[in-house]
Every structure is written in C-alpha cells, then in structure tokens.
Amino acid sequence: MRKPLIAGNFKMYKSVPETVAYLIELRALAKEVRGVDIVVAPPFTAIHAAAAAARDSNVAIGAQHVHWEREGAFTGEVSAAMLFVAGARYVIVGHSERRTLFGDTNATVNKRMHAAITAALVPIVCIGETLEQRDRNETLAVLDRQIKESLDGVTGEQLAGMVLAYEPVWAIGTGRNATPAQAGEAHFHIRQRLKQWFGLEAAEQCRVLYGGSVKPDNIAKLIAEPDVDGALVGGASLDAKSFLAIITGATV
Ligand code: 13P
C-alpha cells in the first residue's frame, strides 16, 4: 500500500518570515497526523529557514526547481547538493510553469531528475496535458511521451522511491479541477505504463500525485481513486489551515 503524500507548492509566494510563521503554524496543526507524508516547497530563499522551522516535525521541505550541474558558472542556478544541504529532501521538477514560461523540456527535466536522485533528493516529476491536447484526444499520448522522455534512464529501484505528479495544465490555478473520473483514468494509464516500462514492483511503489485546483472540498473524492496517491497543491497550500484540511482529507 502506498502512503499518501500531500505536497504544497508555494510557487513565488511567501518571504522568509512568512514561510517560517506558516511552518510554525502547520507543524502544530499537523502534529497528530499519521499515515500521510507532508511536504512544503517554498521559494529557494526560504528553504533553509523552513527546514529549521520544521525540524523534528512530520513536515518535510522541498524545492521547486533545480539545476543539473553540481556547481559552476551558471548564474542564478542552484544545485541539488546545495538544496540538500539547505534542508530540502524533495524537489519538484518539470512543473508546467517551468515548461511553458522558462523553456523546460522533457530532456532538461530528465537531467534535473537524475541530479536530484544523485543528491538524495526525492524528485517530484510533473507531467500533464494542455487543454488543446485534451480536446484533440492526445492526453494519453502526451503522457506517454512525457513519461518516456522525462524518466529516461531511471532504474526500477529509483522509480520506486520517486514521485510523479499528474497536473493537467488546464486545471492549474483555474479552479477547474479534473473530475475524479478524469484523474482516475489518467492515473490508471500512468500506472500501466510504469508497470510496462519499469516493472510491476517499482510501479506499485512509485507515488503518483494529482495536481490542479485541489481544495479541501475535492481532495477526498480525488484520493479515493485507486491510483491517486496524494496531491500537489498550489493556491490552497498557502494557508496552513486550508492545507491541513487537505492533508486530513487525504487520510480518510
Ligand atoms: P493550484 O492548486 O493553484 O491549481 O496549482 C496546482 C499546481 O500547479 C501545483 O504545483
């Protein structure tokens, strides 16, 4: 049985003191939570302070992006080893905003993911179709390509410890979540492909999150789908009480 994971992606919201105040509140609210892994991914600037504020709690810290080189003349970039030392244990790679606004491709996502694994960070690899692709009935073909190319070179053993996030682009920040049936269909397909390409055992262990307008009032139905193992939450993670309601909604 896969343990559910609820991850909050702050995107470009919250300063250092705002992030610390949030974590102090969340760790107190979530201290009785059992049976679900919790991750908060603030902006780079707040990772170190966030990790300190979350120390010895059941909240882990993630980053939202990573460069694939260990170090070097790459102005503005941050390496996986740097994130680990700063206190991150997870990193989101290939978020659709990185893909559409900043030129990330399956090939660069693949390099970021391998760098994360090498540095002992758990990658959360994002995939998902646009509205135009869904309307053209290309959803499953798009997912196939993203899985094949983004996860190229991953071993079954590595996949087992990884996280994927299915985030249909049309559901992100729009208030229009995929229906449980739409999410269920996509997740079932993803799981089938993982079984086919990485083996049954690895595919059964890899957690696949749903992301896109997850809220306290829709999490229970989404996570009831057999292949939905948690959620990657944007807007509704920014308030600790609302994020806690999603976390507890994933435990029932
Ligand atoms: P929203 O929850 O705000 O739709 O964002 C989803 C997302 O992009 C999480 O990574």
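Residue positions are counted from 1 within each chain, in the order its sequence is given. The model is predicted, so local features are restricted to residues of pLDDT at least 70 and side-chain atom pairs to those at 80 or more, both for listing and for counting; the totals for chains, interfaces and linings are taken over all residues. Side-chain metrics rest on all non-hydrogen atoms present in the structure, leaving aside hydrogens and water.

Novice: What is the right way to read the overall build of the protein chain from this model?
Specialist: Think of it this way: any DSSP run of H or I at least four residues long counts as a helix, any run of E at least two long counts as a strand, and we number them from the N terminus. For the protein chain, the helix and strand inventory stands at twelve helices and eight strands. Computed over C-alpha atoms, the radius of gyration of the protein chain comes to 17 Å, within 12% of the 18 Å expected from 2.2 N^0.38 for 252 residues, which places it in the range of a compact globule. When its C-alpha atoms are laid out on the principal axes, the protein chain stretches across 45 × 45 × 35 Å. Exposure is judged per residue with a 1.4 Å probe applied to protein chains only, and the accessible area is read against the type maximum: over 50% gives exposed, under 20% gives buried, and values in between give partly exposed. Taken across its 252 residues, the protein chain has 52% of its residues classed as buried. Throughout, radius of gyration means the C-alpha value; the globule benchmark is 2.2 Å times the number of residues raised to the power 0.38.

Novice: Just checking my understanding: could you explain the site of the ligand for this structure?
Specialist: Taken together, 13 residues lie around the ligand, and Lys11, His95, Gly173, Ser213 and Gly235 are the ones closest in. Counted as a polar contact is a pair of N or O atoms within 3.5 Å, where, for protein atoms, one must be capable of donating a hydrogen and the other of accepting one, and residues adjacent in sequence contribute only when both atoms are in side chains. Here an oxygen atom of the ligand and a backbone polar atom of Ser213 are 2.8 Å apart. In this structure, an oxygen atom belonging to the ligand sits 2.9 Å away from a main-chain N or O atom of Gly234. In isolation the ligand exposes 310 Å². Once the protein is present, 96% of that is buried. A breakdown of the residues in the shell around the ligand according to their chemical character gives four nonpolar, seven polar and two charged. Note on definitions. A residue lies near a molecule or strand when any single heavy atom of the residue is within 4 Å of it. Only the protein chains shown count as cover for residues, with accessible areas throughout obtained via the Shrake-Rupley method and a probe of 1.4 Å. Throughout this entry, Asp, Glu, Lys and Arg are counted as charged residues, while Ala, Val, Leu, Ile, Met, Phe, Trp, Tyr, Cys and Pro are counted as nonpolar. The remaining residues, Gly among them, count as polar.

Novice: Honestly, unusual backbone geometry in this entry has me stumped. Any pointers?
Specialist: Phi at Lys11 is positive, roughly 55°, even though this residue is not glycine. Topologically, Lys11 is positioned in the loop between β1 (5-9) and α1 (16-29). By relative accessible area, which is 21% here, Lys11 ends up partly exposed. If you check the backbone angles, Ser213 has positive phi at about 55° while not being a glycine. Note on placement: Ser213 falls in the loop between β7 (207-211) and α11 (219-223).

Novice: Just checking my understanding: could you explain helix α5 (residues 106-118) for this structure?
Specialist: Since the α-helix advances by 3.6 residues per turn, residues separated by three or four positions end up pointing in the same direction. Over its 13 residues, α5 runs 18 Å from end to end, which matches the ideal 18 Å to within 8%, given 1.5 Å per residue. Ala120 occupies a position one or two residues after α5 and carries a positive phi of about 70°. Under the convention used throughout, the expected extent of a helix is 1.5 Å for every residue step, that is, one less than its residue count.

Novice: Sorry, what's going on with the pairing of strand β2 (residues 37-41) here?
Specialist: Along a regular strand, successive side chains alternate from one face of the sheet to the other. Within β2, four of the five residues are buried, which leaves the element mostly enclosed by the surrounding structure. Paired strands, as defined in this entry, are two strands with at least two bridges between them according to DSSP. Note that β1 and β2 share five bridges and pair parallel. Each residue of the ladder has a partner; that of Ile6, found in β2, is Ile38. Crossovers are described as right-handed under a simple rule: with the strands pointing away from the observer, the path leading from the first strand over the helix to the second runs clockwise. For the handedness criterion, the β-α-β arrangement of β1, α1 and β2 is classed as right-handed. Handedness of the crossover joining β2 and strand β3 (residues 59-63) through helix α2 (residues 47-53) is recorded here as right-handed.

Novice: Quick question: what am I supposed to make of the confidence of the model for the protein chain here?
Specialist: Note that predicted coordinates carrying low pLDDT should not be read in detail. Of the residues in the protein chain, 100% reach a pLDDT of 70 or more, and the chain-wide mean stands at 97. Confidence of the predictor at the level of single residues is captured by pLDDT, which takes values from 0 to 100. Looking over the protein chain, one finds the lowest element-wise mean pLDDT in helix α6 (residues 131-135), namely 95, and the highest in β3, namely 99.

Novice: Hey, could you run me through the packing of α1 against helix α12 (residues 240-249) in this one?
Specialist: What describes two packed helices is the angle between their axes and the distance between those same axes. Following both chains from N to C, one finds α1 and α12 inclined at 35°, their axes separated by 9 Å at the closest point. Where α1 crosses over α12, the two elements pack in a sense that is right-handed. Residue-level inspection shows Tyr22, Glu25, Leu26 and Leu29 of α1 in contact with α12, the latter providing Ala240, Lys241, Phe243, Leu244 and Ile247. Orientation is described by axes fitted as lines to C-alpha atoms, over the contacting stretch for helices, and by angles from 0 to 180 degrees between their N-to-C directions. When the near helix sits turned anticlockwise from the far one by under a right angle, the crossing is termed left-handed; a clockwise turn instead gives a right-handed crossing. In what follows, residue pairs with any heavy atoms lying within 4.5 Å of each other are defined as contacts.

Novice: Looking at this structure, how should I read the pattern of salt bridges?
Specialist: Side-chain pairs of opposite charge can arise where the charged atoms are in close proximity. A pair is scored as a salt bridge if a Lys or Arg side-chain nitrogen falls within 4 Å of a carboxyl oxygen belonging to Asp or Glu. Considering all chains together, one arrives at 15 salt bridges under this definition. With a shortest N-O distance of 2.9 Å, Asp104 and Arg112 are connected by a salt bridge. Residue classification places Asp104 among the buried positions, given a relative accessible area of 7%. When the shortest N-O distance is used, the salt bridge between Arg136 and Glu138 registers 2.8 Å. Taking the relative accessible area as the measure of exposure, Arg136 reaches 52% and is therefore exposed. A relative accessible area of 28% places Glu138 in the partly exposed class. Salt bridges here are not isolated pairs; linked through shared partners, they connect Arg2, Arg191, Lys195, Glu204, Asp227 and Asp229.

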